[in-house]
Amino acid sequence: MAAVSQRGSSRRRTINEINMVPFIDVMLVLLIIFMVTAPLITTGVIDLPTVGKSKQRPEHVVEVQVGSDETIRLRVDGKDTAPTTLANLPARVREVQAGDANTPVIISADRTVKYEAVVKVMDSLQRSGVQRVGLSVKTGLP
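A brief look at the structure comes next. Every chain is numbered on its own, with residues counted from 1 as its sequence reads. In keeping with the model being predicted, local features are shown solely for residues with a pLDDT of at least 70 and side-chain atom pairs are shown and tallied solely at 80 or more, while totals for entire chains, interfaces and linings include all residues. Side-chain measures were taken over the full set of non-hydrogen atoms in the model, leaving aside hydrogen atoms and water.

### Re the side chain of Thr103
A helix here means a DSSP run of H or I that spans at least four residues, while a strand means a run of E at least two residues long, and both kinds are numbered starting from the N terminus. Looking at the secondary structure, you find Thr103 in the loop between α2 (89-97) and β4 (105-109). Given a relative accessible area of 3%, Thr103 falls into the buried group. Residue contacts are counted whenever heavy atoms from the two residues lie within 4.5 Å of one another. When residues no more than four places from it in sequence are discounted, the contact partners of Thr103 are His60, Val62, Gln97 and Arg132. Three exposure classes are used, based on accessible area relative to the maximum for each residue type with a 1.4 Å probe and protein chains only: buried under 20%, partly exposed in between, and exposed over 50%.

### Concerning the sheet that holds strand β1 (residues 62-66)
Strands belonging to one sheet form pairs held by backbone hydrogen bonds; the direction of such a pair is parallel or antiparallel. Any two strands between which DSSP finds at least two bridges are classified as paired. If you trace the 5 strands from one edge of the open sheet to the other, you get β3-β2-β1-β4-β5, paired in mixed fashion. Both edges of this open sheet fall to β3 (79-84) and β5 (133-135), since each of them pairs with a single strand only. Averaged over all neighbouring strand pairs, the angle between strand axes comes to 25°, with direction disregarded. Lines are fitted to the C-alpha atoms to define the axes, a helix being fitted only along its stretch in contact, and any angle between axes, read from their N-to-C directions, falls within 0 to 180 degrees. Sheet contacts for α2: β1, β2 (72-76), β3 and β4; angle to β2, the most-contacted strand, approximately 5°.

### Quick notes on the nonpolar core
Note on soluble globular proteins: their nonpolar side chains tend to be buried together. Throughout this description, the term nonpolar core refers to a set of buried Ala, Val, Leu, Ile, Met, Phe, Trp, Tyr and Cys residues connected via side-chain atoms within 4.5 Å. Ranked by internal contacts, the top residues of the largest apolar core, which has 18 residues, are Val64, Leu89, Val93, Ile107, Val121 and Leu125. Every element with two or more residues in this core is listed here: β1, β2, α2, β4 and α3 (115-127). It is α3 that provides the largest number of residues to this core, a total of 4 residues. Not counting residues within four places of it along the chain, the set of residues in contact with Val64 comprises Ile72, Arg73, Leu74, Leu89, Val93, Val105, Ile106, Ile107, Ser108, Val121 and Leu125.

The analysis is restricted to geometry; functional conclusions fall outside its scope.
See the structure below:
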């Protein structure tokens, strides 16, 4: 029997494994860099809008009330009027303003009303040219 020698075959076997040592070294260096720089990062300051108090209440105020069933009513100087639709709202508001574009219009809504309904009311008023549109704010905690 003849013995087969391995010396004659000089082929090298390829390694099918991934060498993880360089990968781990890079990850450790990145971890150290992030650990050192994280405390040095300053947090951004966000300026939120605040509710200001006017010195005196305007004489003529138009209030648009959006009910829980999304019905829209106008309230002029504390007096309620008949319900209206979103399509008729801008014309009614301009009629109540009586040509004075600086008359403030305040939108107040029930707590259960979807925000989308309030935005639609505000959008329709602003598209029709109403200058001063604001939101009613309830002061104090619920």
